[in-house]
Amino acid sequence: MAYALEIGILCPAKSIYDQLLNINYGVREMLLAALKANFTQSKRAITVSYPVALKRVLLLICTILMSGVCLAEGKVATSYLPADTELDSSIPTPESVLGYNVGEWHVRHDQLVNYMYALAAASDRVSLEVTGYTHEQRPLLLLTITAPDNRSKLDSWRADHLEQINDGTKTPADAPLFLYMGYSVHGNEPSGANASLLVAYYLAAAKDERVTELLANNVVLLDPSFNPDGLSRFAQWANMHKGQVLSSDPEHREHREGWPNGRTNHYWFDLNRDWLMLVHPESQARITTFQQWRPHILTDFHEMGTNSTYFFQPGVPSRKNPWTPEGNVRLTNALADSYVKAFDSQKQLYFSQEGFDDFYYGKGSTYPDAQGSVGILFEQASSRGHIQDSINGPLSFARTIENQFTISLAVFDGALANKAALLDYQHNFFRDTAALAKEDENAAYFLHEPLDGWRLNKARWVLEQHHIDYKVPSTDMTVDNKTYGAENTLVIPLAQPQYRLIKSLFSTRQTFTDNTFYDVSNWNLPLAFDLEYGALNARDLRRAKLSQSAPSQSETLPAIHSDAYAYAFDWHHFKAPALLHMLVAAEVDARIATQEFTAKTLSGERVFSAGAIVIPQGVPQPARLTEVLSRAAQQAEVPVYSLTSGFTTTGLDVGSRSMVPVKAPNVLVVGGEGTSPYQVGEIWHYLDTQVGMPITLVEQDRLARTSLSNYTHIVFASGGYDISDSVVKTITDWVKQGGTLIGQTSALYLFEKEKWLDIDVSRRDDVSKLFSQKNLTYGDRSAYNAQQLIAGSVYKTRIDTSHPLFYGYDAAELNMFKTTNMIVASNESPFVIPARYVDSPLVAGFSASELASEIGGSVAVIAQPMGRGRVIGFTDDPQFRGFWYGTSKLMSNALFMSEAID
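Residues numbered from 1 in each chain as written. Predicted model: local features only at pLDDT ≥ 70, side-chain atom pairs only at ≥ 80, totals over all residues. Heavy atoms only, no water.

Participant: Is there a simple way to explain the overall build of the chain in this structure?
Facilitator: For the chain, the helix and strand inventory stands at 27 helices and 38 strands. Relative to a compact globule of 902 residues, whose C-alpha radius of gyration would be 29 Å, the chain shows 31 Å and is just as compact. When its C-alpha atoms are laid out on the principal axes, the chain stretches across 105 × 70 × 70 Å. The buried share among the 902 residues of the chain stands at 61%. Within the chain, counting contacts between residues at least 6 apart in sequence, those at least 24 apart form 78% of the total. Total accessible area on the chain is roughly 35400 Å²; 48% of this is exposed by carbon and sulfur atoms. For the chain, the separation between the mean place of its 75 positive charges and that of its 98 negative charges on side chains is 1 Å. (Helix = DSSP H or I, 4+ residues; strand = E, 2+ residues; numbered from the N terminus. Rg over C-alpha atoms; globule rule 2.2 N^0.38 Å. Buried < 20%, exposed > 50% of the residue type's maximum accessible area, 1.4 Å probe, protein only. Contact = heavy atoms within 4.5 Å. Areas by Shrake-Rupley, 256 points an atom, 1.4 Å probe, with all protein chains shown as cover. Lys, Arg positive; Asp, Glu negative; His and termini not counted. Charge placed at Lys NZ, Arg CZ, Asp CG, Glu CD.)

Quick look at the structure:
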């Protein structure tokens, strides 16, 4: 029996056979195996001979297709590719390896990896390398794709390219382009990573003119997933909520991710803010790859709100970083012609030059701009699952993938169309950058830190990762009548190719053409690392005796002697909390010196500041104490000194009652819905990776069922809290019995409400009253609102270094990173408020003068006794993005030094 079925009404350009290709892979294979015995197809119809039993199955499928209800939203790879693409049949399709069509399910990272390996094994155009591993030990892949004949040339091509960049020599017209295609730095924006399957397959298998021309004399570097851990977390979420019949209702749980969601990496950090400070292994591997290749173009594929359409750069013209040259903007505009052409042909909605900017160099689409490459941001409206209703109609996952694939090909088209301009641009960039450096009134910057080698070495490491050249003084250096020790100083000359990036890392700019920022307005490295820094003019630089940069060296540690009276170490080392935690975990009895003292050590007299840790031999200690101390000191790289007597030259004696016993912290961090996963993740990351301390994470809706008596400290990060009166009473009683309660940023609203702190926290109306609306129009509202925000600026505080929260700090002022316009007022005494913002607090970045002035003099840190316990509040986020090392130790002080607060 034969049937001819027309489906032109449903899908004029598709035959039933085409429709069958796009249903569930397993069902499709069974059906086609049964039907392939005898069928013919035309452009609009298929004629199939089959048993009567299969007639009913096929009619059911056709009924479903005609009704618009989808068994699956995916499509075979060839359905995404340009029409009539000739393909190499020996190259495996994604569906043949995955077992399902692209877009039918959200690909897990392990599945993506398997396919990329299969592709590299089958194609002589593709090579694959693992560039690193995520926190969860997922491999970070890089596919290098080019014509087979180019394989032997790659090393010389890359070497020549880097030489041209660093020397400024003219690039030959026949030189290759290097195109870095990066996808899905946010794990719950997965259309990019899923599209990378198609891009890789197309480049490996296609025989058409487009691919042949592209690969003949160019190299595609394909990074299929910037964030494997987040991608896998979101794939699990989306797939576990998928039914056989898809739900497009935006309220469906599939489209409403639970806390902490898949956007972030393992520690819940936004990896698209980590391109500069490189806190995470994903970023470190990516920047190593970038610097190895210095691509002409780097793409950064994202998603945005479901009711949007598609964004591509250029962004808002007035919000470009001032160190990015106009030539970059012109090239970005020229490349966009290809995107316009591609989407116009498909009648696809899109926009550019609004909403997004090119300011912060710590993002993927902007970091390349500081270095002669062209970074490009793409934002696809998100289905946040498999299909979701939007104002533009149902948006399927497959459609989002198709758009990302379309634009990926358009990037290739644009690159080839503008190849000469791209090659010339990097030469012009070098020339113009050298001219800027020559005109700069400063010839170099220097960094200095005499007490904590860890932070200086961390700065050194960051410079090295970005290929920023620095020197070390061979003798002590004098600037403005102040001498800086050679062993504690780095000098960064400005006359080098990374001039623009250096200027951004040392910027204290406070005024901008446009005061609206998509992200932070400052990222000054020495301010973040709490390093002394300054500028050198040409004369200062000539006078300085400098040698080539040398790798960072570990501090030489003193020997620990078993016959010592006691042992002591300073608290100013960044890793001192890690050392103390190892000791208390080993049940070592340690004491906090609450005042400065001078003690005799085996190497002579030494001054120990308040906050120093003392380990006396005259109290019960673990067996083999010296071995425990030595091993922990070596691991933390913190010097421990052997004291010869309990009698000190000045200050506290070792047996003083002002030597406060250290109480081992057992920390509960409140998380869950309503709390900021970013801040909770920062606290977890700091304590886990820098201190080595485990935490107990409890979601706020479980606090009522949690016994608080097991914990010494409770930490509330930023968030909106809905806590019952009974839980509030339980927490209050717990504090009064000796617990330490810590809150930061918006958690202080809860602390104010429950009278845990005697503070007055500003509301939105309080801030808006600072700004006049007189003579404004409706069109001014965005600028008016932007003035009231602090997206990310540096503020100076005056701190009390005698207070336990600021033990280990040697200067009277400390720079904090402010990301909120929240203002905290209190009339409490200076004994309770150890840190206030100075009267003119803005140091770097944008803040409206009205707002900065109001913040001046307000509370930055408060520590208020309650019964036998205490409550600590931080107005700002001390662990901001894991790199604000100047303040991140405040959390350790709140945990270890809290017993010294009375």
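Participant: So what exactly am I meant to see when it comes to the packing of aromatic side chains here?
Facilitator: How two aromatic rings sit relative to each other is set out by the distance from centre to centre and by the angle between their planes. Per the stated rule, a full pass over the model turns up 48 aromatic pairs. Pairing F359 with F512 gives two aromatic rings, centres 5.5 Å apart and planes at 80 degrees, and the pair type is edge-to-face. One end of the pair, F359, is in the loop between helix 12 (326-346) and strand 10 (374-381); the other, F512, is in the loop between helix 16 (499-505) and helix 17 (525-529), and 153 residues separate them in sequence. Relative to F429, the ring of Y425 lies with its centre 6.0 Å away and its plane at 55 degrees, an arrangement referred to as tilted. Here F429 and Y425 lie together in helix 14 (residues 419-439), a separation of 4 residues that amounts to about one turn. Ring pairing ties together the aromatic residues Y183, F301, Y310, F312, Y339, F343, Y350 and F378, which thus form one cluster. One Lys or Arg, K75, reaches over the ring of Y80 and ends 4.6 Å from the middle of that ring. Taking the ring centre of W461 as reference, the NZ or CZ of K458 above it sits at 4.5 Å. (Phe/Tyr/Trp six-rings, centres within 6.5 Å; stacked < 30°, edge-to-face > 60°. Lys NZ or Arg CZ within 6 Å of the ring centre and 35° of its normal.)

Participant: When you look at the environment of P82 in this model, what are you seeing that I'm missing?
Facilitator: Checked against the element boundaries, P82 lands in the loop between helix 4 (77-80) and helix 5 (94-98). For P82, a relative accessible area of 27% translates into the label partly exposed. Counting along the chain gives 35 residues from P82 to Y117, while the straight-line C-alpha distance between them is 24 Å.

Participant: What is the right way to look at the sheet that holds strand 4 (residues 126-133) in this model?
Facilitator: Hydrogen bonds along the backbone pair up the strands of a sheet, which may run parallel or antiparallel. Here we have 7 strands laid out as an open sheet, ordered 4-5-7-6-8-10-9, and mixed in their pairing. Edge positions in the sheet fall to strand 4 and strand 9 (310-312), since each of these pairs with one other strand and no more. For this sheet the average axis-to-axis angle between neighbouring strands, irrespective of direction, equals 20 degrees. Inspection of the sheet shows strand 8 (residues 297-304) paired to strand 10 by 8 bridges, in the parallel sense. Across the sheet, residue I297 finds its bridge partner in strand 10, namely V374. Of the strands in this sheet, strand 5 (139-145), strand 6 (178-183) and strand 7 (219-223) are in contact with helix 7 (residues 154-167), which crosses strand 6 at around 95 degrees. Set on the sheet, helix 11 (residues 281-293) makes contact with strand 4, strand 5, strand 6, strand 7 and strand 8; between it and strand 5 the angle comes to about 20 degrees. (Pairing = 2+ DSSP bridges. Axes fitted to C-alpha atoms, helices over the stretch in contact; angles between N-to-C directions.)

Participant: Got a minute to help me understand helix 15 (residues 453-465) in this structure?
Facilitator: Compared with an ideal rise of 1.5 Å per residue, which puts 13 residues at 18 Å, helix 15 spans 18 Å between its outermost C-alpha atoms and is within 8% of the ideal. Every buried residue belonging to helix 15 is among R455, L456, K458, A459, R460, V462, L463 and Q465, and all of these are buried. Structurally, helix 15 contributes buried residues whose contacts are with helix 11, strand 13 (444-448), strand 14 (471-473), strand 17 (489-493), helix 17 and helix 27 (885-896). Its side-chain oxygen at 3.2 Å from the backbone nitrogen of W454, D452 defines the N-terminal cap of helix 15. (Expected span 1.5 Å × (residues − 1). Polar contact = N/O pair within 3.5 Å; in protein donor to acceptor, adjacent residues only side chain to side chain.)

Participant: Help me understand the side chain of R286 in this model?
Facilitator: Topologically, R286 is positioned in helix 11. This buried residue, R286, is left without a salt bridge; D223 holds the nearest opposite charge, at 5.3 Å. When residues no more than four places from it in sequence are discounted, the contact partners of R286 are Y180, V185, F226, L271 and W275. (Salt bridge = Lys/Arg side-chain N within 4 Å of Asp/Glu carboxyl O.)

Participant: Before we go on, may I ask you to explain the pairing of strand 5 in this structure?
Facilitator: Side chains on a regular strand alternate between the two faces of the sheet. Burial analysis of strand 5 places 7 of its 7 residues in the buried class, the great majority of the element. Across 7 bridges, the pairing between strand 4 and strand 5 is antiparallel. From the neighbouring strand, E129 faces strand 5, where its bridge partner is L142. Hairpin remark: strand 4 followed by strand 5, antiparallel, with 5 residues in the connecting loop; positive phi at Q137, about 65 degrees. Where strand 5 and strand 7 come together, 3 bridges link them in antiparallel fashion.

Participant: Sorry, what's going on with the packing of helix 12 against helix 14 here?
Facilitator: Relative orientation and spacing of two packed helices are given, respectively, by the angle between their axes and the distance between those axes. It is at 11 Å that the axes of helix 12 and helix 14 come closest, and there the two elements cross at 165 degrees. By the angle between their directions, the pair helix 12 and helix 14 is classed as roughly antiparallel. Our pair here, helix 12 against helix 14, has a crossing hand that is left-handed. Of the residues in helix 14, those touching helix 12 at G327, N328 and L331 are A421, L422 and Y425. (Parallel < 35°, antiparallel > 145°, perpendicular 65-115°, else oblique. Left-handed = near helix turned anticlockwise from the far one by under 90°.)

Participant: Before we go on, may I ask you to explain the sheet that holds strand 36 (residues 835-844) in this structure?
Facilitator: Judged by pairing direction, the sheet is mixed, and its 9 strands sit side by side in the order 29-28-30-31-38-37-36-33-34 without closing on themselves. Edge positions in the sheet fall to strand 29 (695-699) and strand 34 (813-818), since each of these pairs with one other strand and no more. Across the sheet, the mean angle separating the axes of adjacent strands is 20 degrees when strand polarity is ignored. Note: strand 36 against strand 37 (residues 859-866), 2 bridges, orientation antiparallel. What sits directly across from R836, in strand 37, is V859.

Participant: Just to check I follow, could you spell out the pairing of strand 31 (residues 740-744) for this structure?
Facilitator: Burial runs high along strand 31: 5 of the 5 residues are buried. Judged by which residues are buried, strand 31 turns out to be covered on both faces: T740, I742 and Q744 on one side and L741 and G743 on the other are all buried. As paired strands, strand 30 (residues 713-716) and strand 31 are joined by 4 bridges and run parallel to one another. Bridge pairing in strand 31 places F716 opposite G743.

Participant: How should the nonpolar core be read in this particular structure?
Facilitator: In summary, soluble globular proteins display a tendency toward joint burial of nonpolar side chains. Judged by nonpolar contacts, the single largest core of 137 residues is most densely connected at F569, I615 and F806. Ignoring any residue separated from it by four or fewer positions in sequence, one finds F806 in contact with I799, D800, T801, L814, M816, P834, A835, V861, L890 and N893. Among the nonpolar cores identified, the runner-up in size contains 69 residues, and Y80, L119, A206 and A342 belong to it. (Core = buried A, V, L, I, M, F, W, Y, C linked by side-chain atoms within 4.5 Å.)

Participant: Explain the confidence of the model for the chain here, please?
Facilitator: In low-pLDDT segments, the atomic positions of the prediction should not be examined closely. For the chain, per-residue confidence averages 92 on the pLDDT scale, and 91% of positions sit at 70 or higher. Scored below 50 in pLDDT, residues 62-72 makes 15 contacts in the model with residues more than four places away or belonging to other chains. (pLDDT = per-residue confidence, 0-100.)

Participant: Can you walk me through helix 21 (residues 677-691) in this structure?
Facilitator: In an α-helix, one full turn covers 3.6 residues, which means residues spaced three or four apart are oriented alike. Helix length check: helix 21, at 15 residues, gives a terminal C-alpha distance of 20 Å against a target of 21 Å (1.5 Å per residue), a fit within 8%. Across the 15 residues of helix 21, 12 count as buried, placing the element largely inside the fold. Among all positions of helix 21, only P677, Q679, V680, G681, E682, I683, W684, H685, Y686, L687, Q690 and V691 are buried. One or two steps after helix 21, the chain reaches G692, where phi turns positive at roughly 75 degrees.

Participant: Which parts of the structure should I look at to understand the pattern of salt bridges?
Facilitator: Any two side chains of opposite charge can pair if their charged atoms end up close together. In total, this model carries 31 salt bridges according to the counting rule given. With a closest N to O distance of 3.2 Å, E402 and K75 form a salt bridge. Residue E402 is located in helix 13 (residues 397-417), and its partner K75 is located in the loop between helix 3 (52-67) and helix 4; the two are separated by 327 residues in the primary sequence. Considered together, E402 and K75 belong to a single accessibility category, that of buried residues. A salt bridge links E136 to R138; its shortest N-O distance comes to 2.4 Å. By sharing partners, the salt bridges in this structure join E189, R263, D270, R273, D519 and R881 into a single network.

Participant: Where do I start with a negative patch on the surface in this structure?
Facilitator: Together, D760, D765, D766 and E854 make up a region of like negative charge exposed at the surface. When you line up the elements, D766 lands in helix 24 (residues 764-768). (Patch = residues over 30% accessible without salt bridge, like charges linked within 9 Å, V, L, I, M, F, W, Y side chains within 5 Å.)

Participant: How should the environment of T324 be read in this particular structure?
Facilitator: The topology assignment puts T324 in the loop between strand 9 and helix 12. Residues T324 and S96, spaced 228 residues apart in sequence, show a C-alpha to C-alpha distance of 44 Å. When near neighbours in sequence (up to four residues on either side) are disregarded, T324 contacts Y361 and D369.

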